Amino acid sequence: DRNLDGPPEIHIAAVNGLVKHNRTVYLKLASSKIMLAYFNQNHFLRLHDLLESDEPRQFTLQQKYDAGGKKDIYLISFEECSEKLLDFSA
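Calculation notes
- Residues numbered from 1 in each chain as written.
- Predicted model: local features only at pLDDT ≥ 70, side-chain atom pairs only at ≥ 80, totals over all residues.
- Heavy atoms only, no water.
- Pairing = 2+ DSSP bridges.
- Helix = DSSP H or I, 4+ residues; strand = E, 2+ residues; numbered from the N terminus.
- pLDDT = per-residue confidence, 0-100.
- Contact = heavy atoms within 4.5 Å.
- Core = buried A, V, L, I, M, F, W, Y, C linked by side-chain atoms within 4.5 Å.
- Buried < 20%, exposed > 50% of the residue type's maximum accessible area, 1.4 Å probe, protein only.

**Regarding the pairing of strand β5 (residues 71–79)**
Part 1 of the reasoning: Pairing of strand β4 (residues 57–65) with β5, which is carried by eight bridges, proceeds in the antiparallel orientation. Bridging across to β5, Gln62 finds its partner in Tyr74.
Part 2 of the reasoning: Hairpin connection of β4 to β5: five residues between the antiparallel strands, including Gly69 at a positive phi of 85 degrees.

**Observations concerning the confidence of the model for the protein chain**
Part 1 of the reasoning: Per-residue pLDDT for the protein chain averages 87, and the proportion of residues at 70 or more is 87%.
Part 2 of the reasoning: Below pLDDT 50 for its whole length, residues 84–90 participates in three contacts with residues either more than four positions away or in separate chains.

**Some thoughts on the nonpolar core**
Part 1 of the reasoning: Counting 16 residues, the largest nonpolar core has Val15, Val25, Leu27, Phe39, Leu47, Phe59 and Leu75 as the members making the most contacts within it.
Part 2 of the reasoning: Those elements giving two or more residues to this core turn out to be β1 (9–19), β2 (24–29), β3 (34–38), α1 (44–51), β4 and β5.
Part 3 of the reasoning: Setting aside anything within four residues of it in sequence, one finds Phe39 in contact with Leu18, Val19, Arg23, Thr24, Val25, Phe44, Leu47 and Leu75.

Written out as C-alpha cells, the structure reads:
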C-alpha cells in the first residue's frame, strides 16, 4: 500500500532560517507560525538571499512520504508574490 503525496499547497511566507547541511528552510507564515520544509540544494543561494529580506514570497509546499512511510514537507517552488508577477514593466 503506497502512501500518496499530498496536493501542493501555496503559502505566503518569509524565509526565517536556513540549514544547509540537512537542507531545511524555516518559513514564517503570515500567521507567525513557523513551518519547516526540505529544499532542493539548487535553491540554496536564492533562499539564502531571501533570508536577508523580510519580504513575503509565495512558496509552494508539498507533503511527501519517504520510502519508510515517514511524511515530510518539501519546498517545490517559490516566487515573488503575485502583485509583482502582474507587473511586466521590470
